[in-house]
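As a plain string of letters, each chain reads:
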Amino acid sequence: QVQLVESGGGLVQPEGSLRLSCKASGIIFSSFAMNWYRQAPGKERELVAHIISSGGRTSYANSIQGRFTISRDNAKNTVSLQMNSLKPEDTAVYYCNAEDDYSDLSFWGRGTQVTVSS
C-alpha cells in the first residue's frame, strides 16, 4: 500500500519557522520526484517546491524563494520543507506529492495544516 504521511504542521507566529516532513512507503522512493503543494482558504492549490528524484536540483514558487528549502533523504524515504520567515499568507494546508520518473504514477498525502498567526 502506498502512503505519504505529512507531519510537522501547526501554529506559528509571523517570522517564525517550521519544518514539515513527509514519510513515504510502498514506493521506490529514489525513483520519484517530490513536491510540496499548498492550498489556502478560498484559493487554488499551488506548487510550492520541487525536488528531483536524486535530490540534486530544486525549484520554488517565486514567492517562496529565499524563505523555504526542500530537501530529501532517500535512505529514509523522507522529504522535508524547512520554512523560515513565515508570513500569515503562508497559512494553508500543505500536501506532499510524489511523481514517478518512469510512469504517470502520482501519489498524494492527506496534508498538514500550517497556521501563521500572532
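The following paragraphs examine the structure supplied in this document. Counting restarts for each chain: residues are numbered from 1 in the order of the written sequence. Reporting in this predicted model follows two pLDDT cut-offs: at least 70 for local features of residues, and 80 or more for side-chain atom pairs to be given and counted; totals over whole chains, interfaces and linings ignore these cut-offs and use all residues. Side-chain numbers come from the whole structure's heavy atoms, not from hydrogens or water.

### Considering unusual backbone geometry
1) Next: Look at Glu 15: it is not a glycine, yet its phi comes out positive at around 75 degrees.
2) Next: Here a strand is any run of E in DSSP of at least two residues, a helix any run of H or I of at least four, and the numbering for each starts at the N terminus. Within the element layout of this structure, Glu 15 appears in the loop between strand S2 (10-12) and strand S3 (18-25).
3) Next: The backbone of Asn 77 sits at a positive phi, close to 55 degrees, despite the residue not being glycine.
4) Next: Tracing the sequence through the fold places Asn 77 in the loop between strand S7 (68-73) and strand S8 (78-83).
5) Next: Per-residue accessibility, obtained with a 1.4 Å probe over protein chains only, is compared with the maximum for each type, and a residue is labelled buried under 20%, exposed over 50%, and partly exposed between these values. Overall, the relative accessible area of 22% leaves Asn 77 in the partly exposed class.

### Observations regarding the state of the cysteines
1) Next: A pair of cysteine sulfur atoms is labelled a disulfide when the two atoms are within 2.5 Å. If you walk through the whole model with that rule in mind, you get one disulfide.
2) Next: The partner cysteine of Cys 22 in its disulfide is Cys 96, sulfur to sulfur 2.2 Å. One quick way to see it: the torsion about the S-S bond of Cys 22 and Cys 96 is about -80 degrees, and its sign makes the bridge left-handed. With Cys 22 in strand S3 and Cys 96 in strand S9 (residues 92-100), this pair connects stretches of sequence that are 74 residues apart.

### Observations regarding the pairing of strand S1 (residues 3-7)
1) Next: Because side chains alternate across S1, one face comprises the buried residues Leu 4 and Glu 6, and the other comprises Gln 3, Val 5 and Ser 7, none of which is buried.
2) Next: In this description, strands pair whenever DSSP reports at least two bridges between them. Pairing of S1 with S3 involves five bridges; the strand directions are antiparallel. Looking at the pairing, Ser 7 lines up with Ser 21 of S3.

### Details of the sheet that holds S7
1) Next: The sheet built from four strands is open, its strands ordered S1-S3-S8-S7 with antiparallel pairing. Strand pairing shows two members of the sheet lacking a second neighbour, S1 and S7, which therefore form its edges. On average, each strand axis in the sheet is inclined to that of its neighbour by 15 degrees, with strand direction left out of account.
2) Next: With six bridges joining them, S7 and S8 adopt antiparallel strand pairing. Its bridge partner being in S8, Ile 70 is matched across the sheet by Leu 81. Here, axes are lines fitted to C-alpha atoms. For helices the fit covers the stretch in contact, and angles between N-to-C directions go from 0 to 180 degrees.

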